Amino acid sequence: MRPRIATASLFAFLLGLVSPLAIFAQNDIKIEGAYHIEKNQRHGWLILNLEIPKGYHVYALTQKGSPPPTKIDLKESEQFELLKKFEANKKPHVVEHDPVFDQRIETYEGKIALRAPIRVASDVDLENVDFDLKISGQLCNDSGCRLFNGKSVEIEFAGFYEKEEKKEEKEK
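Residues numbered from 1 in each chain as written. Predicted model: local features only at pLDDT ≥ 70, side-chain atom pairs only at ≥ 80, totals over all residues. Heavy atoms only, no water.

A. Quick look at the side chain of His 57. Locating His 57 in the fold gives a position in the loop between strand S2 (43–51) and strand S3 (58–59). A residue is classified by how much of its surface remains accessible, and His 57, at 16% relative accessible area, is buried. (Helix = DSSP H or I, 4+ residues; strand = E, 2+ residues; numbered from the N terminus. Buried < 20%, exposed > 50% of the residue type's maximum accessible area, 1.4 Å probe, protein only.)

Pasting the structure below:
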């Protein structure tokens, strides 16, 4: 009987260690990176698509104070130029006065795209630009937060796009 009790105890102990890891894996933030280049040009967009699990949020790029904002660290390169800072494709959810932090809080939930305009150097193959990008922040819910510090994001070429004509140009 003792070997069974020991085996059952060991199994219960290991299950206790693995279960939180399984929950963590199911509730992890998904981040995909891509860049698009305008057809017949050398400029385009660098885009990070974040998929935040239901019931969770990350702090906005524009968050001030503590908790700190989500931060994107893009290493400078001679292959490209970042023309502006990253911006979100939609406005963050805002709580004007959070009682826990005693300040304004800005968060993203669900699916969000963080994007920045880029220009590729003239001597670089447009389909093979190397980006060294890391993202840091906190994935939070009502129970607490988990850090994702310095998470490397692979950036893939997503193709060329046609420039959209402005409405005024189409009407002429």
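B. The arrangement of the packing of aromatic side chains in detail. Using the criterion set out here, one finds four aromatic pairs in the structure. Ring geometry for Phe 80 versus Phe 131: centroids 4.6 Å apart, planes at 40°, classification tilted. In this pair, Phe 80 is assigned in strand S5 (residues 80–82) and Phe 131 in the loop between strand S9 (111–120) and strand S10 (133–141), connecting sequence segments 51 residues apart. Classification of Phe 131 by relative accessible area gives buried; the value is 13%. (Phe/Tyr/Trp six-rings, centres within 6.5 Å; stacked < 30°, edge-to-face > 60°.)

C. Main features of the pairing of strand S7 (residues 93–98). Pairing of S7 with strand S8 (residues 103–108) involves four bridges; the strand directions are antiparallel. Looking at S8, one finds that Asp 98 is bridged to Gln 103. Linking S7 to S8, which pair antiparallel, is a turn of four residues; within it Asp 102 sits at a positive phi near 55°. (Pairing = 2+ DSSP bridges.)

D. Representation of unusual backbone geometry within the structure. A cis amide bond, omega 10°, links Ser 66 with the succeeding residue Pro 67. Residue placement: Pro 67 occurs in the loop between S3 and strand S4 (71–74). In the Ramachandran plot, Asn 40 falls in the positive-phi region, its phi being about 65° despite a non-glycine side chain. Within the element layout of this structure, Asn 40 appears in the loop between strand S1 (30–38) and S2. At Asp 102, a residue that is not glycine, the phi angle is positive and equals roughly 55°.

E. The arrangement of the sheet that holds S10 in detail. As summarised here, the arrangement of the three strands in space is S4-S10-S11, forming an open sheet in which the pairing is antiparallel. Edge positions in the sheet fall to S4 and strand S11 (144–153), since each of these pairs with one other strand and no more. Direction aside, the axes of adjacent strands within the sheet are offset by 15° on average. Bridge count between S4 and S10: four bridges; the pairing is antiparallel. Bridge pairing in S10 places Lys 71 opposite Ser 136. (Axes fitted to C-alpha atoms, helices over the stretch in contact; angles between N-to-C directions.)

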